[in-house]
Every structure is written in structure tokens, then in C-alpha cells.
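Report on the structure
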Amino acid sequence: MTAQDPNILNNLALAIGQTHTARAPEFISEEAPFDDAQRQWLNGLLSGLHAIASAATAAAEPEEAATALTVLYGSQSGNCEALSKDLRKFAKTRGFDASVAALDDIELSDLGAINHLLIVAATFGEGDPTDNSAKFYKTIMADDAPALPSKLNFSVCGLGDSSYADFNKAATDIDRRLEELGATRAHDFVGCDVDFEDDYAAWKTAAFDSEPFVAAAGAAGAPEPVEAVAAFDKNRPFMASLMTAEALSGEASAKCVNHIELSLAGGGEDLDYEVGDALGVWPVNCGQEVQAILAATGLSGREPVKLKSGPAQLRSALLTRLDLTTVTPKTAEVWEIETVGEDRQVIDLLTAMNLDMSAQQLVDGLRPLQPRLYSISSSPKAHPGEVHLTVGEVHYDLNETARKGCASTFLGKRLGSGGMVGVYVQRSAHFHLPNDNTVPLIMIGPGTGIAPFRAFLEEREAREAKGKNWLFFGDQHAACDYLYRDSIEAWGENGLLTETSLAWSRDGVEKVYVQTLLEERGQEVFEWLEEGAAIYVCGDATRMAADVEKALLRIIETHGGRSPEDAQTYLDALSAGHRYQRDVY
Ligand code: NAP
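Once a new chain begins, its residue numbering starts again from 1 and follows that chain's sequence as written. Only residues with pLDDT of at least 70 are given local features in this predicted model, and only at 80 or more are side-chain atom pairs given and counted; all residues enter the totals for whole chains, interfaces and linings. Only hydrogens and water are set aside; all other atoms, that is, all heavy atoms of the structure, feed into the side-chain values.

**A closer look at the pattern of salt bridges**
Quick reminder of the rule: The salt bridge criterion pairs a side-chain nitrogen of Lys or Arg with a carboxyl oxygen of Asp or Glu, the two atoms within 4 Å. A run of DSSP states H or I qualifies as a helix once it reaches four residues; a run of E qualifies as a strand once it reaches two. Both are numbered from the N-terminal end. Partly exposed residues are those whose accessible area sits between 20% and 50% of the maximum for their type, while under 20% is buried and over 50% is exposed, using a 1.4 Å probe and protein chains only.
According to the stated counting rule, one finds 34 salt bridges in the structure shown. Where Glu81 meets Lys85, a salt bridge forms, and the shortest distance between an N and an O atom there is 3.5 Å. Separated by four residues within a single helix, Glu81 and Lys85 lie in helix H3 (residues 79–93), roughly one turn from each other. Here Glu81 falls in the buried class, since its relative accessible area comes to 11%.

**Notes on the pairing of strand E10 (residues 278–282)**
Applicable threshold: At least two DSSP bridges between two strands are needed for those strands to be called paired.
For E10, the tally of buried residues reaches five of five residues, placing the bulk of the element in the interior. With burial as the criterion, each face of E10 is covered, one bearing Ala278, Gly280 and Trp282 and the other bearing Leu279 and Val281. Looking at chain direction, E10 and strand E13 (residues 372–375) are connected through four bridges and run antiparallel. Bridging from a neighbouring strand, Ala278 pairs with Ser375 of E13. As defined by bridge partners, E10 adjoins strand E17 (residues 420–426) across five bridges and the pair is classed as antiparallel.

**Describing the pairing of strand E5 (residues 153–159)**
Let me state the cut-off plainly: Orienting the strands away from the viewer, one traces the path from the first strand over the helix to the second; a clockwise path indicates a right-handed crossover.
Along E5, seven of the seven residues are buried, which leaves the element largely enclosed by surrounding structure. Of the two faces of E5, the one carrying Asn153, Ser155, Cys157 and Leu159 and the one carrying Phe154, Val156 and Gly158 are both buried. Bridge analysis of strand E3 (residues 116–124) against E5 gives seven bridges, and the strand direction is parallel. Counterpart to Leu118 in the pairing with E5 is Ser155. Inspection of the sheet shows E5 paired to strand E6 (residues 184–185) by two bridges, in the parallel sense. Residue pairing in the sheet places Phe154 in a bridge with Arg185 of E6. Note on the crossover from E5 through helix H6 (residues 169–180) to E6: the handedness is right-handed. Pairing analysis gives three bridges linking E5 to strand E7 (residues 190–192), with the strands arranged parallel. Opposite Gly158, over in E7, you have Gly191 as the bridge partner.

**Details of unusual backbone geometry**
In this model, Asn168 sits at a positive phi of 60°, which is unusual for a non-glycine residue. Its location among the elements puts Asn168 in the loop between E5 and H6. Judged by its relative accessible area of 2%, Asn168 is buried. One non-glycine residue, His578, lies in the positive phi region at around 60°. Considering the arrangement of structural elements, one finds His578 in the loop between helix H21 (564–576) and strand E22 (580–584).

**A short note on the environment of Thr390**
Filter applied, for reference: Residues count as neighbours in contact if any of their non-hydrogen atoms are within 4.5 Å of one another. Any N or O atom pair separated by 3.5 Å or less is treated as a polar contact, with the protein-specific requirement of one donor-capable and one acceptor-capable atom, and with residues adjacent in sequence counted only for side-chain atom pairs.
Mapped onto the fold, Thr390 is located in strand E14 (residues 386–392). Sequence spacing of Thr390 and Gly449 is 59 residues, and the spatial spacing of their C-alpha atoms is 8.7 Å. Thr390 has contacts with Leu248, Val257, Asn258, Ser377, Thr448, Ile450, Ala451, Leu483 and Tyr484, leaving out every residue within four places of it along the chain. A polar contact of 3.0 Å, which involves the side chain of Thr390, links it to the side chain of Ser377.

**Thoughts on the site of the ligand**
For clarity, the cut-off: Throughout, the term near means that a residue has one or more heavy atoms lying within 4 Å of the molecule or strand in question. Here the Shrake-Rupley method, with its probe set to 1.4 Å, supplies the accessible areas, and only the displayed protein chains count as covering residues. Under the scheme applied here, ten amino acids are nonpolar (Ala, Val, Leu, Ile, Met, Phe, Trp, Tyr, Cys and Pro), four are charged (Asp, Glu, Lys and Arg), and all others, including Gly, are polar.
In the region of the ligand, 17 residues are neighbours, and Lys255, Ser505, Arg506, Tyr513 and Asp540 sit closest. A distance of 3.2 Å separates an oxygen atom of the ligand from a polar atom in the backbone of Asp475. Contact distances for the ligand include 2.7 Å between an oxygen atom and a side-chain N or O atom of Lys511. For the ligand, whose unbound accessible area comes to 870 Å², protein coverage reaches 73%. Here the element with the most residues in the shell around the ligand is helix H20 (residues 541–560); it accounts for four residues. Partitioned by chemical class, the residues of the shell around the ligand number three nonpolar, seven polar and seven charged.

**What about the nonpolar core?**
For clarity, the cut-off: Remark: nonpolar core denotes a set of buried residues (Ala, Val, Leu, Ile, Met, Phe, Trp, Tyr, Cys) joined through side-chain atoms within 4.5 Å.
Core analysis: the biggest nonpolar cluster contains 30 residues, and Ile442, Ile444, Phe472, Leu518, Ile535, Val537 and Val548 have the highest contact counts within it. Elements supplying a minimum of two residues to this core: strand E18 (441–444), strand E19 (469–475), helix H18 (514–520), helix H19 (522–530), strand E21 (534–539), H20, H21 and E22. With eight residues, H20 is the largest single contributor of residues to this core. Discounting residues that sit within four places of it in the chain, Ile444 has contacts with Phe453, Phe472, Val514, Leu518, Ile535, Tyr536, Val537, Cys538 and Val548.

**Some details on the packing of aromatic side chains**
We apply this condition: Only Phe, Tyr and Trp rings are paired, with Trp represented by its six-membered ring, and only when their centres lie within 6.5 Å; those with planes under 30 degrees apart are stacked, over 60 edge-to-face, the remainder tilted. The criterion is that NZ of a Lys, or CZ of an Arg, lies within 6 Å of the ring centre and within 35 degrees of the ring normal, and then a charge sits over that ring.
Taken as a whole, this structure holds 17 aromatic pairs when the rule is applied. With a centroid separation of 5.7 Å and an interplanar angle of 85°, the aromatic rings of Phe208 and Phe213 are classed as edge-to-face. Residues Phe208 and Phe213 agree in their burial class; the two are buried. Geometry around Trp528 places Lys468 over its ring, the cationic atom sitting 4.2 Å from the centre.

**Details of the sheet that holds strand E9 (residues 257–263)**
Just so we agree on the cut-off: Every angle, taken between N-to-C directions, lies between 0 and 180 degrees, and every axis is a line fitted to C-alpha atoms, over only the stretch in contact when it is a helix.
Read across the open sheet, the six strands follow the order E13-E10-E17-E8-E9-E14; overall the sheet is antiparallel. Strand pairing shows two members of the sheet lacking a second neighbour, E13 and E14, which therefore form its edges. Within this sheet the neighbouring strands show an average axis-to-axis angle of 40°, counted without direction.

Read these as geometric descriptors, not functional statements.
Written out as C-alpha cells, the structure is:
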């Protein structure tokens with residue numbers, strides 16, 4: 001279309017409310033190659049378009065903008081990450097426009113530019129920060145951490161477990177340190193226990209109701225349209241049926257590790273999972289343990305009790321709703337006991353102290369039963385409609401009495417074929433296969449740490465991925481602890497596994513651990529890293545994962561010719577590029 005098309009242009013000009021006859025602002029210079037009529041006409045057209053554009057811009061700008069808010073999380077199993085997204089949505093209804101990131105994704109120097117900050121941080125292991133907040137924690141705790149401005153208004157919510165001595169330590173430390181460095185605490189720290197929902201909700205409302213937040217709130221936006229809520233989640237689990245529970249470890253083993261297969265038939269796409277995700281499992285307590293508690297308290301089990309979730313009968317509450325093991329400070333408070341002592345479980349207290357209590361007092365002193373998260377050990381491509389787990393049964397002696405883990409023995413022993421169990425998929429944001437099927441993988445998973453790597457290998461096979469795969473596995477004895485031996489050997493033979501390194505810790509005179517083999521093959525491991533390999537570690541957090549990390553750093557120093565500081569920088573860069581991922585517990 002040119003200025004020579006008078007009809008089309010006339011219509012356009014009319015449509016936008018301008019005509020040749022109206023005197024319009026001058027958009028076309030005198031020098032432009034148009035006659036007067038064309039110039040006037042074009043000026044009219046452009047003026048009209050300009051008016052429309054200005055009106056559209058004005059309409060897009062709300063009278064009062066929302067206030068910027070930063071939400072940071074430290075998450076290990078995904079709970080704090082999910083809560084930070086909930087905060088972002090809630091913020092919108094309170095006049096804040098929130099950006100969400102992991103604590104390690106922000107530099108301390110960037111905090112100075114923020115006016116409003118909310119942190120949800122989990123404490124992990126022995127009072128430690130999570131993997132995605134460890135760097136932030138280290139920097140903020142350092143003596144040379146920079147001062148923060150008082151205009152930085154913050155509030156911290158911690159997620160922890162009150163049965164640990166260092167309850168919510170990482171989050172408490174962050175809260176204290178932010179204030180020490182000069183920032184303003186807008187609302188007090190709240191430390192949540194494993195049943196965090198109510199305390200978190202109260203903290204969220206109170207933080208936004210605090211004076212520095214109310215004073216700065218901008219225009220509240222409409223709540224986001226309600227997302228299609230997943231049909232199954234922690235509070236609305238899918239009832240899966242047990243297809244298989246078979247021992248992977250041999251009779252001579254000191255351990256009993258079970259391969260569990262559950263049917264997800266009828267669950268639909270809400271139960272679609274990816275390799276690397278975890279499965280939340282609601283256990284049912286052992287009937288004998290319930291009976292022992294009833295015997296120790298002289299209660300029948302038929303007494304009605306009130307729980308947070310509603311009324312129930314005592315026996316059923318003890319079976320399906322309450323944690324029968326863990327003693328917390330609240331237990332002592334509600335049962336009016338002076339000291340609970342270390343290494344005592346609920347049944348020890350009840351039998352030793354001969355406590356006379358009502359059914360309601362008994363349940364009020366127990367904490368709610370929580371689901372357990374297990375790394376999924378199957379690929380949905382290899383086993384559609386099913387999910388597999390690799391679960392080591394927990395058995396130990398305490399005060400000269402045999403004890404057992406509730407969920408691991410429920411799945412392995414009590415559930416039984418065809419039995420129903422409540423489950424949900426817990427997405428893992430930080431432990432996933434690369435989409436690029438050519439990336440080489442180094443997978444380090446001794447013991448039950450093998451679980452996600454069975455899933456990874458099944459997935460790589462189903463995808464016909466061309467990338468190399470190197471598995472480091474091990475346990476006590478080759479003869480009885482070689483989990484998934486048939487599959488691993490078959491993958492070695494068909495070439496899916498380029499390398500398999502097996503560390504049997506109790507077969508020789510000297511202990512051989514996965515990191516022993518990693519260092520023996522250090523040159524090749526470094527070459528794989530230089531080729532772009534991604535390293536995954538799964539299993540015991542406190543001992544194995546820490547020692548594997550030290551071995552990796554030594555390999556980078558020795559074979560990469562790096563100083564200790566540069567080796568750390570190299571590993572940090574792998575981590576930041578999602579090429580060093582851990583699923584440790
Ligand atoms: P596991 O206890 O991790 O044992 C698997 C293999 O790892 C064994 O051969 C074990 O050798 C070896 N191992 C022990 N210390 C190690 C280290 N520092 N570095 C590398 N390898 C090491 O596996 P699991 O029986 O499947 O247990 C799975 C989970 O149970 C663990 O990941 C953890 O969560 C929990 N667990 C924790 C502890 C703990 O004290 N933190 C203890 C047991 C289990 P040896 O046993 O011969 O030394």
C-alpha cells in the first residue's frame with residue numbers, strides 16, 4: 001500500500017478518526033516527497049495511530065503499580081520451593097509483584113537494592129542449609145559479609161523437624177544474621193515443624209500485615225485464575241495398589257532392601273512423573289506398636305479423639321494419623337513430663353513413666369504422621385502406569401529393644417500384594433536428566449542411592465540416548481548386596497553402560513568405597529567432565545556425599561592442574577550449570 005492508494009488510506013484514516021480536512025500535528029517533514037494533499041493526509045493518519053498507541057499505553061498502566069518483592073527459598077525436597085510459589089501468588093493479592101529464586105541464585109551484594117524480602121528456608125541434616133542455599137549461607141555468615149541497608153525489610157520462615165537438636169538452625173541463623181548486618185525484620189521469624197502448613201500460613205499473613213509491608217503495598221491485583229489443581233497431592237493422595245515387594249538383597253546380607261512396584265492405573269496424568277522425581281508415600285503404623293501403646297496407657301483404642309483433620313477413634317488415629325516414635329518438646333509439655341532424655345521413643349516414655357493420661361492427652365502429645373519421600377527407581381517409558389521404589393528396611397536396636405522404621409517396613413512387609421497405599425508425585429526441580437541425549441553421565445549411587453540411576457538408565461535406553469553412561473555403585477558385599485545385578489550386567493553387555501565401577505566395602509581387607517574408584521580413575525573422570533559430562537550423586541548425605549565431593553575436588557586439582565580454590569570454582573560452575581546434581585538424604 002502506498003500514499004497513492006487514496007481509497008484504502010481514506011478508509012483507514014476515517015477508521016481512526018482523522019480526515020484530510022482536520023488539521024493534524026506535523027509528522028511528515030516539508031522535504032518529504034509528497035504533495036500538500038498527501039502530506040496532510042499522512043499526517044492525519046499518523047496522528048490517529050499515535051493517539052491509539054498513547055491510549056493503549058495509558059490503559060496498560062495501572063494507576064498504582066504493585067511493589068517489588070523478592071522471595072528466596074532454600075529447598076531440599078521441594079517444600080520450600082512450592083511455598084515460595086504460593087507466596088508469589090499471595091503477594092499479588094496484597095499489592096506486591098514478587099520474583100522468586102533459590103537463595104544461591106542471588107549475590108549478597110544484590111540484597112542492598114531490595115526493599116522487601118521474604119525467605120522460606122529448610123534446615124537439612126545436622127542443622128545444615130540445603131544444597132541450594134549453602135553458598136548464600138556461607139557468604140552471609142562470613143565475618144566479612146557486607147552491611148545491609150535498614151530499608152531492606154525482611155521476614156524468614158523456617159521448615160525443620162523438631163525431633164532434631166538443631167531445629168530450624170539454618171533458617172534461624174539467616175534471620176539473625178540479616179538483622180545483625182543492618183536489615184529490618186518486618187515480622188518475627190517463624191520456625192515450622194514437619195506439619196508446616198498452619199504455621200506457614202499464619203506467618204505469611206502476618207508478614208504481609210506487618211507495618212513495613214502494609215505501608216509499601218501497591219495496587220493489589222486480582223488473584224491469579226485458579227490453576228487446575230493437581231488431583232493428587234500430599235493431602236489428597238492417590239490410592240495405589242502394591243504389585244510387587246521383593247527382596248533385592250540376599251539372605252546373607254546385613255540389610256533388607258526391597259524392590260517395590262506400585263500400580264498407578266486409574267490415576268491419569270496427575271501421576272505422570274519424570275525420572276529424578278520422588279514419590280510421597282503415606283505409611284500405616286505397625287498394629288503391634290499401636291497395641292503396645294494402648295497397653296502402656298491402659299486405653300482401649302475405642303475412645304473418640306479430636307485431631308486437626310477431624311474426629312477419629314483412638315486406634316485408627318494411632319494407626320494412620322500419628323507418629324508413634326518421635327518425642328518432641330511438645331510431647332513433654334502436653335504430657336507434663338520434666339525431662340524426656342535422649343534416645344527415647346514414645347513407647348519408652350509411656351512404659352517407663354507409667355503415665356496416667358486421657359486418650360486426647362495422648363494424641364495431643366504426638367505429632368502428625370508424615371508421608372515419606374522415596375526417589376523413584378523406574379522410568380515411566382519403561383513401565384507405563386507403574387512406579388517403582390528401592391527401599392531399604394530400617395531396623396535397629398535402641399535401649400536393648402529391636403526397633404523398625406515405619407514406612408520402609410510397611411512397604412516391605414505389612415502392605416502385602418494388592419494392598420492400597422496413598423501416594424503422590426513430588427516433583428524434583430534439581431535432579432533431572434539433561435534433555436540433550438548426547439551428554440555423558442557419571443552416576444554415583446552406593447546402597448539405595450542406586451534408585452534414581454536405575455530410572456535414569458531405563459530412560460536413556462528408552463530414549464535411545466547416544467551419550468555415554470558411567471555408573472559407580474557399591475555396598476558391603478558383592479555376593480548379597482549387588483542390587484539390580486541382572487539389569488546392570490545386561491546394560492554393561494549391551495553397551496548402555498559404557499563403564500561400571502563397583503565398590504564392595506567389606507569384601508577385602510581394605511574398605512573400598514565409590515570415591516576410592518572415582519579417584520583411581522580420576523584422569524578419565526576429569527576427561528569426561530571436560531567433554532561436558534553431568535555428575536549425579538544419590539544416597540547418604542552426611543558421610544558418602546561429603547566424601548565424594550572431596551574426591552571430586554581432588555580429581556579436579558590433580559588432573560585439571562587447579563589450585564584448591566580453582567577446583568572449588570570449577571565444581572561450583574558445574575553446579576550452577578546443573579552438571580553437578582545431588583539427591584542426598
Ligand atoms: P549406605 O549405608 O550408604 O551403604 C552403602 C555403601 O556405602 C556401603 O558399602 C557402605 O560401606 C558405604 N559407605 C559407608 N560410608 C561411606 C562413605 N563415607 N563414603 C562412601 N561410601 C560409604 O547405604 P544404605 O544401606 O542403602 O543406606 C541408605 C541410606 O540410609 C543412607 O543414604 C542414609 O540416608 C541412611 N543411613 C545413614 C547412616 C548415617 O549414619 N548417616 C547410616 C546408615 C544408613 P560400609 O557400611 O561397609 O562402611
